[in-house]
Structure formats: C-alpha cells, structure tokens
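Topology and contacts: notes
Residue-level listing of the chains:
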Amino acid sequence: MKNQYMLDVLETVKKRNPGEPEFIQAVTEVFETIEPVIEARPDLVAAGVLDRIVEPERQIIFRVPWVDDSGKVRVNRGYRIQFNSAIGPYKGGIRLHPSVYMGIIKFLGFEQIFKNSLTTLPMGGAKGGSDFDPKGKSDAEVMRFCQSFMTELYRHIGADCDVPAGDIGTGGREIGFMFGQYKRLQNEFTGVLTGKGIPYGGSLARTQATGYGLCYFTDEMLKANGKSFQGQTVVISGSGNVAIYACEKATELGAKVVAVSDSNGYIYDANGINLDVVKQIKEVERGRIKEYAERVPGSVYTEGCKGIWTIPCDIALPCATQNEIDGESAAILVKNGCYAVAEGANMPSTPDAINTYLANGVLYGPAKAANAGGVATSGLEMSQNSQRLSWTFEEVDEKLHNIMKNIFAACDSAAKTYGMEGNYMAGANIAGFLKVAEAMKAQGCV
Ligand code: NDP
Ligand code: 2IT
C-alpha cells in the first residue's frame, strides 16, 4: 500500500487499538485491496469514509454475572460492537468462547460490514460475544448465563436497531434462551434475534445456510474456472454448524469429504466422512470428534488440529476459526495439489497463507463472500418475521442459492473492473465497501 492517506488512517487504527492484532489484520487486508478505489474516488476521501468506517459507531462492554450448579457466583465479560449502520440495522452473531476479547469482536464486526453489504440485503455490521465457555456446562448453567447476558444486552438491541444471531458457541439452544429472556424483559415478540427455533419464528434452512452457502459460492467459483465438486477430495476443518452443513452439501455435489476436526484433533476417513455419525456426536451428544474413530472402522484420529492441512486434497474448506491456516500450512496444501480454498470460518487464513494462495494460482474464496450465506439467510428470517409469514425450506434455499451466485458474480466483476481478475478477495472487499461508502457519503458526516 502506497497511498499516504490510507497509511495515515491505518496508523491511527493501530494507535487507537493497541493489543488487538486480529482487528489490525482485518483492516489492513481491506485497505490493501481497496487502494485502487480510494485512488479513483477523491469524493469518498473528502467525505471521510475511511476515517469513519474503521471506528465502531458504538462499543458496549458489560458484566455478566451468573450462578453455577454448585451455587458459586461466576462473572464473564459481555461485548456488543455496533460497527456500522449505513445500510441497515446492526446485524451479526454472538460468539461464546474463552478466547473472546475486544480484538476478536472488533475484527468480526468490521468484516461483517462488508459481508452484509455483499448479501444485497439491508443489514449493517455488528458482532458480540463473551469469554464464557459453554463446553462442559449444564443446560441450566448455559440458560442462566444467556439470561444474564440478555438482561444487559436487551436495552441495546431491537428488530429495527440491532439483530444478533449465532456464531461459535452460540447455536439454537443459546438463541432460544436469549430470545425467551428478551421477550420477557421487553414484553414484545419481535424478530430481535435470528437463528431462532422453527416453532417461534425461525427460518427453515438457517441451520444449513452457512455451510450450504459456502458450497454454492465455491461451486460458482469452480465452474467459472472450468472445474466442479464432482469427484474431488475435500478437507473441512471444524465439526460445528458451518462444517457439518458444508460437508453435507459438498457430498451432495459429488465430492468426497475425507476430514473434519475440532480444537483437540482431526479425523481422517478415506472412505468419506459419515455425516450421521458426526451429527450424532456433535449435535446430539455435544461430544468430541475423537469419538468418530471409535465408531467408524477404518477412520483415524490424530491429536492436534494443524495437521489436518497435511492431508492431500483438491479443495480445502476451513470452517473452524481465525488464523487456522498459516503460511506453512498453505504451502503444504499447495504442494499436495490443493487448487481451491474457500472460507467458511471468518479470517481463517493468515496474510502469509493468502499470499501463498495468490502466488500459486489457488482459487481463493474469502470469508466475507464465501460464508455470507449464514447472515443472508438471517436477513431472510428478518423478512419473514416482518411479514409474519414462513417460507418453505425450498423457497429459502433457492433464495440463498441465488444470493450466493450473485455474490460470486459481484466479486468476479469488481476484481475485473479494478484490474485484478481472479482475485476474489479484492473483488469482495471492493464490492462490499463501495455500497457502504456510497451510503455513508450520502448520509453526511454521522
Ligand atoms: P460452532 O461453535 O458450531 O463450531 C465451531 C467449530 O470450530 C468446532 O468444531 C470447534 O471445535 C472449532 N473451533 C472453534 N474454535 C477453535 C479454535 N480456537 N481452534 C480450533 N478449532 C476451533 O461454530 P460455527 O460452526 O458456527 O462457526 C465456525 C466458524 O464459522 C467461525 O469462524 C464463525 O465465525 C464462522 N461463521 C459462522 C456462521 C454461522 O452462521 N454460524 C456464519 C458465518 C461464519 P471445539 O468444539 O473443539 O471448540
Ligand atoms: O459471521 C457471521 O456472519 C455469523 N456468525 C452469522 C451472523 C448472522 O447475523 O446471522
């Protein structure tokens, strides 16, 4: 990046957000790819769009006290960052994981601005979460935590203001407890959360949406380059919501998924992952992926998660967490013949890994575009709630499929317009940025 104005803004971001490397990483990646837009659009510079877009509109940090099953008082820290409302109400998930701190929520909230813009639906960017670890907690403990979390959060959100959803550690169970508490406090039944259960306003296909959408996007990217999922070997990291439904759709599209993982280790199954077993272990029993090897003959479990990227594959779909593929892992993927990486997780590739993909002609589907199907379907859930109607699974799935096709087309076309054909990361950042930037300029200095 050579543009002095952009370098100055980035310097300010670094000074204002010390000790938050993930946030700096996310901002740097966007800046490096939108430089030609900034060079071509002095009006956006004059409107202070960049100076404003890197500063969250509002950041909320709060105490979350709850009582565990032994009667002991526990305290977690809750966050909600309402990053940008230029194109719609704040929208983004809630992450419950012990690694959560301001830098994680800020990077996720920042990326959400551009992702939500790419969906073409009217949603601003936000993210929230807590350092609470749902693992090993009883349902009653999770409920008390969620109720306490919402007892503070409810005053900051609303169906037309800020609509949270799931992310790591927050699934249907947690959304249910949070929705119940919101309704009780506000005495209002509204679409204030997405990812709700089907009996109380949830959308069919939201559970599948991120994983399915990832495969729809990847399919478009492969087809545009003369390839397809048919007969290809796929490695998927993670075994949570995104990984499970990515595995389901990739298999349906003719691929063989040979590996999945969790934070302890990974499974290799040369016969193709038996997803019913994974669903039973992860969705029903809330167990560890290690148990797969005990139930499926011929599969092998290896301790540690990084080794999953040494398994030879044609297509890699990282669906666990940020920075899970570093430069070294990316080089091994390339050496083993992997020619496409599409991101179900948010920011799973380090800058070194991305450089390795681009230098080796790997087709690279960046998170903001590739995993946008989850939040897009959340947008469809909001539409259904506003209409007080429910669409069928097929209707929602078809809309999702079209949205993912359009997202790929937008990334492809923006990359071409700015002379970076085939660089879908640049295309995603540019297309996502431009819509928000125009809206921010039109609304004046707010
Ligand atoms: P889940 O909680 O359902 O699953 C997360 C999976 O990733 C688990 O297998 C978990 O293993 C693994 N994982 C989490 N943290 C780490 C870590 N630090 N190191 C190694 N593995 C880890 O979450 P989701 O599937 O919903 O989310 C996965 C990714 O997709 C995240 O990056 C999320 O931000 C992103 N995403 C999610 C969307 C959604 O709709 N849910 C939408 C768009 C993006 P373990 O059980 O051992 O912790
Ligand atoms: O990262 C993401 O896009 C999500 N976790 C989904 C957010 C949402 O509002 O559905």
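In what follows, the accompanying structure is described. (Residues numbered from 1 in each chain as written. Chains lettered and ligands numbered in written order. Predicted model: local features only at pLDDT ≥ 70, side-chain atom pairs only at ≥ 80, totals over all residues. Heavy atoms only, no water.)

**Focus on the overall build of the protein chain**
Each helix and strand counted, the protein chain has 17 helices and 12 strands in total. Against the 2.2 N^0.38 benchmark of 22 Å for 446 residues, the protein chain shows a C-alpha radius of gyration of 21 Å, consistent with a compact globule. The principal-axis extent of the C-alpha atoms belonging to the protein chain is close to 60 × 55 × 45 Å. Every one of the 446 residues in the protein chain was classed for burial, and the buried ones make up 57%. For the protein chain, the exposed area adds up to about 17100 Å²; of that, 51% sits on carbon and sulfur atoms. (Helix = DSSP H or I, 4+ residues; strand = E, 2+ residues; numbered from the N terminus. Rg over C-alpha atoms; globule rule 2.2 N^0.38 Å. Buried < 20%, exposed > 50% of the residue type's maximum accessible area, 1.4 Å probe, protein only. Areas by Shrake-Rupley, 256 points an atom, 1.4 Å probe, with all protein chains shown as cover.)

**Quick word on the packing of aromatic side chains**
Under the defined criterion, the tally for this structure stands at 15 aromatic pairs. Relative to F189, the ring of F179 has its centre 5.1 Å away and its plane inclined at 75 degrees; by these criteria the two rings are edge-to-face. Of this pair, F179 sits in helix α7 (residues 172–186) while F189 is found in the loop between α7 and α8 (206–224), placing the two residues 10 residues apart along the sequence. You can call F179 buried: its relative accessible area is 3%. The class for F189 is partly exposed, based on a relative accessible area of 47%. (Phe/Tyr/Trp six-rings, centres within 6.5 Å; stacked < 30°, edge-to-face > 60°.)

**Re the site of ligand 2**
In the vicinity of ligand 2, 14 residues are found, and the nearest of them are K91, Q112, K115, D167 and S378. In this structure, D167 approaches ligand 2 through a side-chain N or O atom, which is 2.9 Å from a nitrogen atom. In the model, an oxygen atom of ligand 2 is placed 3.0 Å from a nitrogen or oxygen of the R206 side chain. Against a free-state accessible area of 290 Å², the protein chains account for coverage of 94% of ligand 2. Those elements giving two or more residues to the shell around ligand 2 turn out to be β3 (90–96), α5 (102–118) and α15 (373–387). Looking at the shell around ligand 2 residue by residue, the classes come out as two nonpolar, seven polar and five charged. (Near = heavy atom within 4 Å. Polar contact = N/O pair within 3.5 Å; in protein donor to acceptor, adjacent residues only side chain to side chain. Nonpolar A, V, L, I, M, F, W, Y, C, P; charged D, E, K, R; others polar.)

**Topic: the sheet that holds strand β11 (residues 340–342)**
The strand order across the open sheet built from seven strands is β9-β8-β7-β6-β10-β11-β12, with neighbouring strands paired in mixed fashion. Only two strands of the sheet have a single partner each, and these edge strands are β9 (300–303) and β12 (363–365). Here the average twist between neighbouring strands, direction ignored, is 15 degrees. Pairing geometry for strand β10 (residues 315–318) and β11, over two bridges, is parallel. Residue pairing for β11: I315 is matched across the bridge by A340. Relative to strand β6 (residues 233–237), helix α9 (residues 241–252) is tilted by about 170 degrees, and along the sheet it contacts β6 and β7 (256–261). (Pairing = 2+ DSSP bridges. Axes fitted to C-alpha atoms, helices over the stretch in contact; angles between N-to-C directions. Contact = heavy atoms within 4.5 Å.)

**Focus on the packing of α8 against α15**
Closest axis-to-axis distance for the α8/α15 pair is 7 Å, and the angle between their directions is 145 degrees. Regarding α8 and α15, the two cross each other, and that crossing is right-handed. Taking contact as the criterion, the partners of R206, A209 and T210 in α8 are, on α15, G373, G374, V375, T377, S378 and E381. Considering only residue class, the contact of α8 with α15 consists of two nonpolar, five polar and two charged. (Left-handed = near helix turned anticlockwise from the far one by under 90°.)

**Observations regarding the site of ligand 1**
By nearness alone, 27 residues border ligand 1, and D167, T210, S263, R288 and N346 come closest of all. Within the contact set of ligand 1, an oxygen atom lies 3.4 Å away from a backbone nitrogen or oxygen of G344. Considering ligand 1 on its own, with 890 Å² of exposed area, one finds that the protein chains cover 85% of that surface. Elements with a minimum of two residues in the shell around ligand 1: α8 and α9. Looking at the shell around ligand 1, its residues break down into six nonpolar, 13 polar and eight charged.

**Some points on the pattern of salt bridges**
On inspection of all chains with the given rule, the structure shows 27 salt bridges. The partner of D162 in a salt bridge is R80, and the shortest N-O contact between them spans 2.6 Å. In this pair, D162 is assigned in strand β5 (residues 162–165) and R80 in strand β2 (residues 73–84), connecting sequence segments 82 residues apart. By relative accessible area, D162 is classed as buried at 0%. Since its relative accessible area comes to 0%, R80 is described here as buried. (Salt bridge = Lys/Arg side-chain N within 4 Å of Asp/Glu carboxyl O.)

**Some points on the packing of helix α2 (residues 21–40) against helix α17 (residues 424–442)**
Direction vectors running N to C along α2 and α17 enclose 70 degrees, while the axes themselves pass 9 Å from each other. Relative to α17, α2 is oriented roughly perpendicular. With respect to the hand of their crossing, α2 and α17 are arranged in right-handed fashion. On α17, the residues touching E29, V30, T33, I34, V37 and I38 of α2 are M425, A426, N429, I430, F433 and L434. Counted by class, the contact of α2 with α17 contains nine nonpolar, two polar and one charged residues. (Parallel < 35°, antiparallel > 145°, perpendicular 65-115°, else oblique.)

**Things to note about a nonpolar patch on the surface**
A surface patch of nonpolar side chains, about 260 Å² in accessible area, is lined by V67, V73 and V75. As for its position among the elements, V75 is in strand β2. (Patch = residues over 30% accessible without salt bridge, like charges linked within 9 Å, V, L, I, M, F, W, Y side chains within 5 Å.)

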